[in-house]
Amino acid sequence: MRLENKVALVTGAAKGLGESIVRRFVEEGAEVIAVDMTPLSYELENVTGHILDVTNRDAVCDFIKDIETVDILVNNAGITRDALVQKMTDDMWDQVIDVNLNGVYNLVKHIGPMMMKQGQGSIISIASVVGEFGNVGQSNYAATKSALYGLSKTWAKEFSRKGANIRVNTISPGYIMTDILKTIPQELLDKFAKMTMLGRLGEPEEIANAALFLGSDESSYITGHNLSANGGMRL
Ligand code: NAD
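Residues numbered from 1 in each chain as written. Predicted model: local features only at pLDDT ≥ 70, side-chain atom pairs only at ≥ 80, totals over all residues. Heavy atoms only, no water.

### Observations concerning the packing of helix 1 (residues 16-27) against helix 7 (residues 204-215)
At a closest axis distance of 8 Å, the pairing of helix 1 and helix 7 adopts a crossing angle of 55 degrees. Here helix 7 runs oblique to helix 1, going by the angle between their axes. In the crossing of helix 1 with helix 7, the sense of the turn from one axis to the other is right-handed. Across the interface between the two elements, Leu17, Ser20, Ile21, Arg24 and Phe25 of helix 1 pack against Pro204, Glu205, Ile207, Ala208, Asn209, Ala211 and Leu212 of helix 7. Of the residues contributing to the contact of helix 1 with helix 7, the split by class is eight nonpolar, two polar and two charged. (Axes fitted to C-alpha atoms, helices over the stretch in contact; angles between N-to-C directions. Helix = DSSP H or I, 4+ residues; strand = E, 2+ residues; numbered from the N terminus. Parallel < 35°, antiparallel > 145°, perpendicular 65-115°, else oblique. Left-handed = near helix turned anticlockwise from the far one by under 90°. Contact = heavy atoms within 4.5 Å. Nonpolar A, V, L, I, M, F, W, Y, C, P; charged D, E, K, R; others polar.)

This is the structure in structure tokens:
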């Protein structure tokens, strides 16, 4: 039970990687506050589901006022709106920045200081292989995911300044079969699988295990780090 007596808050928890992370955390003894824009597609003991749009600053602020403790925050909510930059609408750019980047800021602004008062915590943000290497048609998405590295390294410094044991890290998954890949043609997914050293796409549980490691005390000396979980892929 690696997360016994820990409270975790996971965003984008209704399905996909968020759901896998919630399930893995609960298996290891955590109590989970699971938030998403849409209702959870599952029910689990020790999980409370909440409707929350991470882009709604006032709603996030009100929501966090009612929470006493968060030991682990997983910033997982994310979207894509893909197009070559010359074809990208301003709305596509703004939506992705708002969810993937502003959404993380909106939560950490409150939960980082809460963790400083607690004296401990682990903040994990889900970035992407696309943030590490870039990808055609994803400049908005790549911009947000690369930004998470700078933010996390900065927050790793800021939140540990007064001796608090707060670690801030990112996970950069490769291509993992969830709904976010629904718009990508199968031939391209096959190509991405061949581009990995392991010759396959990833499973949501493999990302959940990476989050478990960074959320648990097993990673107690790891902060300001990016953990690539992509089967050895270089885009
Ligand atoms: P998904 O589309 O299956 O799930 C994303 C979840 O986020 C959904 O439940 C959705 O409702 C929620 N969400 C979207 N906007 C929200 C908002 N404003 N407020 C609250 N919740 C919101 O996608 P996924 O594959 O599970 O992706 C999870 C994270 O992992 C994302 O940040 C994504 O960028 C990242 N990622 C995924 C992959 C992959 O291949 N699946 C690869 C790299 C990174």
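### Notes on the site of the ligand
What surrounds the ligand is a group of 30 residues, the closest being Asp36, Asn76, Tyr141, Ile176 and Thr178. The side chain of Lys145 places a nitrogen or oxygen atom 2.9 Å from an oxygen atom of the ligand. In this structure, Gly174 approaches the ligand through a main-chain N or O atom, which is 3.4 Å from an oxygen atom. Out of a free accessible area of 830 Å², the ligand has 94% covered by protein chains. Contributing elements (two or more residues each) for the shell around the ligand: helix 1 and helix 5 (139-159). Of the residues that constitute the shell around the ligand, the class distribution is 16 nonpolar, nine polar and five charged. (Near = heavy atom within 4 Å. Polar contact = N/O pair within 3.5 Å; in protein donor to acceptor, adjacent residues only side chain to side chain. Areas by Shrake-Rupley, 256 points an atom, 1.4 Å probe, with all protein chains shown as cover.)

### Re the side chain of Thr144
Inspection of the secondary structure puts Thr144 in helix 5. Judged by relative accessible area, Thr144 falls into the buried class, the value being 0%. If we skip the residues at most four places from it in the chain, Thr144 touches Val96, Ile97, Asn100 and Leu101. (Buried < 20%, exposed > 50% of the residue type's maximum accessible area, 1.4 Å probe, protein only.)

### Observations regarding the pattern of salt bridges
On inspection of all chains with the given rule, the structure shows nine salt bridges. Here Glu19 and Arg23 are joined by a salt bridge, their closest N and O atoms 2.9 Å apart. Within this pair, Glu19 and its partner Arg23 are both found in helix 1, separated by four residues, close to a single helical turn. According to the relative accessible area criterion, Glu19 is buried, its value standing at 17%. For Lys65, the salt bridge is made with Asp62, and the minimal N-O distance between the two is 3.5 Å. Of this pair, Lys65 and Asp62 both sit in helix 2 (residues 57-65), three residues apart, which is roughly one turn of that helix. (Salt bridge = Lys/Arg side-chain N within 4 Å of Asp/Glu carboxyl O.)

### Side note on the environment of Ile124
You can see Ile124 is positioned in strand 5 (residues 120-126). Taking C-alpha positions, Ile124 is 18 Å from Ile67, a pair spaced 57 residues apart along the chain.

### Section: the nonpolar core
Where a protein is soluble and globular, its nonpolar side chains tend to be buried together. Counting 44 residues, the largest nonpolar core has Leu9, Phe63, Val70, Leu73, Leu107, Ile111 and Tyr175 as the members making the most contacts within it. Of all elements in the fold, only strand 1 (7-11), strand 2 (31-36), helix 2, helix 3 (90-118), helix 4 (129-133), helix 5, strand 6 (165-173) and helix 6 (186-194) reach the threshold of two or more residues within this core. Per element, the largest residue contribution to this core is eight residues, and it comes from helix 3. The contact partners of Leu73, leaving out residues within four places of it in the chain, are Leu9, Leu107, Val108, Ile111, Met115, Ser122, Ile123 and Ile124. By size, the runner-up hydrophobic cluster in this structure holds 26 residues, among which are Val22, Val47, Val74 and Ile171. (Core = buried A, V, L, I, M, F, W, Y, C linked by side-chain atoms within 4.5 Å.)

### A word on helix 2
Three or more residues of helix 2 are buried, namely Val60, Phe63 and Ile64. Burial along helix 2 is one-sided: seen end-on, the buried residues are contained in an arc of 95 degrees. Helix 2 presents Asp58 and Lys65 as exposed residues on the side facing more than 90 degrees away from its buried surface. Where helix 2 is buried, its residues meet strand 1, strand 2, strand 3 (47-51) and helix 3. (Arc of directions from axis to C-beta.)

### Some points on the packing of helix 2 against helix 3
Contact geometry of helix 2 with helix 3 gives a least axis separation of 10 Å together with a crossing angle of 25 degrees. Considered as vectors, helix 2 and helix 3 are oriented roughly parallel to each other. The element helix 2 and its partner helix 3 pack so that their crossing is right-handed. The residues of helix 3 that touch helix 2, namely those facing Arg57, Val60, Cys61 and Ile64, are Asn102, Tyr105, Asn106, Leu107, His110, Ile111 and Met114.

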